[in-house]
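Below are the chains, spelled out letter by letter.
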Amino acid sequence: MKLLVKAPAKINLSLDVLNKRPDGYHEVEMIMTTIDLADRIELSLEENDIIKIISLNRFVPDDQRNLAYQAAKLLKDKFHVQKGVSIKIEKNIPVAAGLAGGSSDAAAVLRGLNKLWDLGLNLDQLAEIGAEIGSDVSFCVYGGTALATGRGEMIKELPAPPICWVVLAKPFIGVSTADIYKRLDVSKINHPNTKSMIDSIFHGDYDQMCENVGNVLEDVTLNLYEEVAQIKDQMSKFGADAVLMSGSGPTVFGLMHHDSRMHRVYNGLRGFCDQVFAVRIIGNRHSLD
Ligand SMILES: C[C@](O)(CO)[C@H](O)COP(=O)(O)OP(=O)(O)OC[C@H]1O[C@@H](n2ccc(N)nc2=O)[C@H](O)[C@@H]1O
Ligand SMILES: Nc1ncnc2c1ncn2[C@@H]1O[C@H](COP(=O)(O)OP(=O)(O)OP(=O)(O)O)[C@@H](O)[C@H]1O
């Protein structure tokens, strides 16, 4: 028996850090939304009791380091599942890019195995299990658009943001999320206006949304990698309405309303860096599987 599951990437329309917690994590306030750039996960039931990862991407581990493997193992152990699974990952989301590729693969495996292994769990239960794998996994279990708080695992659903294009551009570097958080000086944060971002989403106000994008990790990554700053400059130059780094980077995204502007930004960036995508925001939860 086989099952295909979609694992979409996310962008952070805003990312604020409130403080550093005693457990080493940071208390965050993030507006996240899924986009239609997705990995494809194929789950096949294995009669023998193994978890097998198949991936052709050389940056994706094919053992227990893979978050998709960890998701399957966690479900197997928690619910004493005697069956195995092979997990084939067709990687379309750039790796270590700030787009939650690994987290979304893990979330897709949780959703898929819930069906394949007939576990009968609901999304809230899967999201709680996902939090044991990583802070972004809970959001990825639901998809859509949400306010994420705590260390990122507390999810409150929001409506879909105003319709627009998203152009993503990733320089040829990978970024360690742990390293970026470690370098953040929480006493010197210029906080984005999360409330106004939420209002803009509720009111479908595109201009207000563009005015309120903000990410407190951006300066940390910009200071380390000047290519990220250059991509931001290029996106603005080609006419994106808003430009921001996603997550801990290094991917930069630009928002634009009009097709013609999207083409201009996309083509302009293609001449400048190797991985460029023009996608739509998926926006609401129910378009996942
Ligand atoms: C940057 C974001 O991707 C934005 O969505 C997330 O905040 C990070 O999510 P993630 O990659 O799933 O993060 P995890 O795998 O849980 O943690 C990786 C490392 O990032 C740091 N980390 C992560 C989340 C958080 N709220 N505070 C942190 O300080 C910790 O050092 C942790 O060891
Ligand atoms: N299924 C997976 N896909 C991609 N990378 C994975 C996967 N499982 C584990 N990894 C490891 O995780 C690291 C981070 O990759 P990932 O693409 O998830 O980062 P990210 O998009 O920056 O995540 P986030 O936005 O959640 O911080 C990679 O360098 C890779 O070694």
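Look up a bit, the structure's there.
Residues numbered from 1 in each chain as written. Chains lettered and ligands numbered in written order. Predicted model: local features only at pLDDT ≥ 70, side-chain atom pairs only at ≥ 80, totals over all residues. Heavy atoms only, no water.

Here we look at the sheet that holds strand 7 (residues 165-170)
Taking strand neighbours across the sheet as the criterion, the four strands line up as 9-10-7-11 in an open arrangement whose pairing is antiparallel. Edge positions in the sheet fall to strand 9 (242-245) and strand 11 (275-280), since each of these pairs with one other strand and no more. Strand-to-strand twist in this sheet, taken as the mean axis angle between neighbours without regard to direction, amounts to 20°. Taken strand by strand, helix 9 (residues 226-237) contacts strand 7, strand 9 and strand 10 (252-256), and its axis lies near 10° from that of strand 10. The sheet strands contacting helix 10 (residues 259-270) are strand 7, strand 10 and strand 11, and the helix crosses strand 11 at an angle near 165°. (Pairing = 2+ DSSP bridges. Helix = DSSP H or I, 4+ residues; strand = E, 2+ residues; numbered from the N terminus. Axes fitted to C-alpha atoms, helices over the stretch in contact; angles between N-to-C directions. Contact = heavy atoms within 4.5 Å.)

Details of the site of ligand 2
By nearness alone, 19 residues border ligand 2, and Ala 96, Gly 98, Ala 100, Gly 102 and Asp 136 come closest of all. Measuring from a nitrogen atom of ligand 2, one finds a side-chain N or O atom of Lys 91 at 2.9 Å. Asp 136 has a polar side-chain atom sitting 2.6 Å from an oxygen atom of ligand 2. Starting from 620 Å² of accessible surface for ligand 2 in isolation, the protein chains cover 79%. The pocket occupied by ligand 2, as judged from atoms lying within 2 Å of grid points, is the largest pocket. The element that contributes the greatest number of residues to the shell around ligand 2 is helix 2 (residues 101-116), accounting for four residues. Considered class by class, the residues forming the shell around ligand 2 number eight nonpolar, six polar and five charged. (Near = heavy atom within 4 Å. Polar contact = N/O pair within 3.5 Å; in protein donor to acceptor, adjacent residues only side chain to side chain. Areas by Shrake-Rupley, 256 points an atom, 1.4 Å probe, with all protein chains shown as cover. 1 Å grid on protein atoms, 1.4 Å probe; cavity = no way out; pocket = protein on both sides within 12 Å on 5 of 7 lines; lining within 4 Å. Sits in = over half its atoms within 2 Å of the grid points. Nonpolar A, V, L, I, M, F, W, Y, C, P; charged D, E, K, R; others polar.)

Examining unusual backbone geometry
Residues Gly 249 and Pro 250 are joined by a peptide bond in cis, for which omega reads 5°. Structurally, the position occupied by Pro 250 is in the loop between strand 9 and strand 10. Its identity as a non-glycine residue notwithstanding, Ala 96 has a phi of 50°, on the positive side. Along the polypeptide, Ala 96 turns up in the loop between strand 4 (84-90) and helix 2. Its identity as a non-glycine residue notwithstanding, Asp 118 has a phi of 55°, on the positive side.

Let's talk about the packing of helix 2 against helix 3 (residues 123-130)
Viewed as axis vectors pointing N to C, helix 2 and helix 3 meet at an angle of 130°, and their least axial separation amounts to 10 Å. By the angle between their directions, the pair helix 2 and helix 3 is classed as oblique. Between helix 2 and helix 3 the crossing geometry is right-handed. Seen from helix 2, the contacting residues are Leu 110, Arg 111 and Asn 114; seen from helix 3, they are Leu 123, Leu 126, Ile 129 and Gly 130. Residue classes in the contact of helix 2 with helix 3 are distributed as four nonpolar, two polar and one charged. (Parallel < 35°, antiparallel > 145°, perpendicular 65-115°, else oblique. Left-handed = near helix turned anticlockwise from the far one by under 90°.)

A closer look at the pattern of salt bridges
Applying the stated criterion to the full structure yields 17 salt bridges. Among the salt bridges present, the one from Asp 199 reaches Lys 195, with a minimum N-O distance of 3.4 Å. A residue pair is termed a helical-turn pair when its members lie 3 or 4 positions apart in one helix, as Asp 199 and Lys 195 do in helix 6 (residues 194-203) at four residues. Given a relative accessible area of 59%, Lys 195 falls into the exposed group. In this structure, the salt-bridge partner of Lys 232 is Glu 218, at a minimum N-O distance of 2.8 Å. Separated by 14 residues along the polypeptide, Lys 232 in helix 9 and Glu 218 in helix 8 (residues 218-224) bring together distant segments of the chain. In this pair, the class of Lys 232 matches that of Glu 218, namely buried. The structure contains a network of salt bridges with shared partners spanning Arg 21, Asp 23 and Glu 27. (Salt bridge = Lys/Arg side-chain N within 4 Å of Asp/Glu carboxyl O. Buried < 20%, exposed > 50% of the residue type's maximum accessible area, 1.4 Å probe, protein only.)

Read these as layout, nothing more, since geometry by itself doesn't imply function.
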